[in-house]
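# Working through the structure, step by step
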Amino acid sequence: MTLLNRIDWEAAILPETVTAQVQDECVSLNGAVDWNFQKDAAALDVRSLLGIVGLSNQITIRPRANAHNIA
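Residues numbered from 1 in each chain as written. Predicted model: local features only at pLDDT ≥ 70, side-chain atom pairs only at ≥ 80, totals over all residues. Heavy atoms only, no water.

## A word on empty space enclosed by the protein
Under the convention used in this document: Definitions used for this entry: grid spacing 1 Å over protein atoms alone; cavity, a set of points where a 1.4 Å probe fits but cannot get out; pocket, an open set with protein on both sides within 12 Å along at least 5 of 7 lines; lining residue, one with an atom within 4 Å of a point. Grid points are joined across faces, edges and corners, and a volume is the space filled by probe spheres set on the points. Put simply, Ala, Val, Leu, Ile, Met, Phe, Trp, Tyr, Cys and Pro go in the nonpolar bin, Asp, Glu, Lys and Arg in the charged bin, and everything else, Gly too, in the polar bin.
Overall, the coordinates contain one cavity of 30 Å³ or more when judged by the stated rule. Here the largest cavity is characterised by a volume of approximately 40 Å³. Forming the boundary of the largest cavity are Ile-13, Leu-14, Thr-17, Ala-32, Val-33, Asp-34, Gln-38 and Arg-62. Class assignment of the residues belonging to the lining of the largest cavity gives a composition of four nonpolar, two polar and two charged.

## With respect to the pairing of strand β3 (residues 54-57)
Just so we agree on the cut-off: At least two DSSP bridges between two strands are needed for those strands to be called paired. Labels follow the DSSP assignment, with helices taken as runs of H or I lasting at least four residues and strands as runs of E lasting at least two, numbered in each case from the N terminus. Note on handedness: a crossover is taken as right-handed if, strands pointing away from the viewer, the path from the first strand over the helix to the second is clockwise.
As paired elements, strand β2 (residues 26-33) and β3 share four bridges and run parallel to each other. Looking across to β3, one finds that Ser-28 is bridged to Ser-56. In this view, the connection linking β2 to its parallel neighbour β3 by way of helix α2 (residues 36-47) has right-handed handedness.

As far as function goes, none of this settles anything; it's purely spatial.
Here it is, written out as structure tokens:
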């Protein structure tokens, strides 16, 4: 299973919200998700792949409006 297939199969993450780049057995994750558990799930999936020696998780959490931000 390839890295991108692994992330696409993760039920917690919507397809095409996270991208990955691999260089010298190190993975860099980028994108934006709604919740922290989605960011953690992507990182966990990548760490479990054989041959990955480093991970840079640059996934951001999208800001949400709250009652204080609404006028």
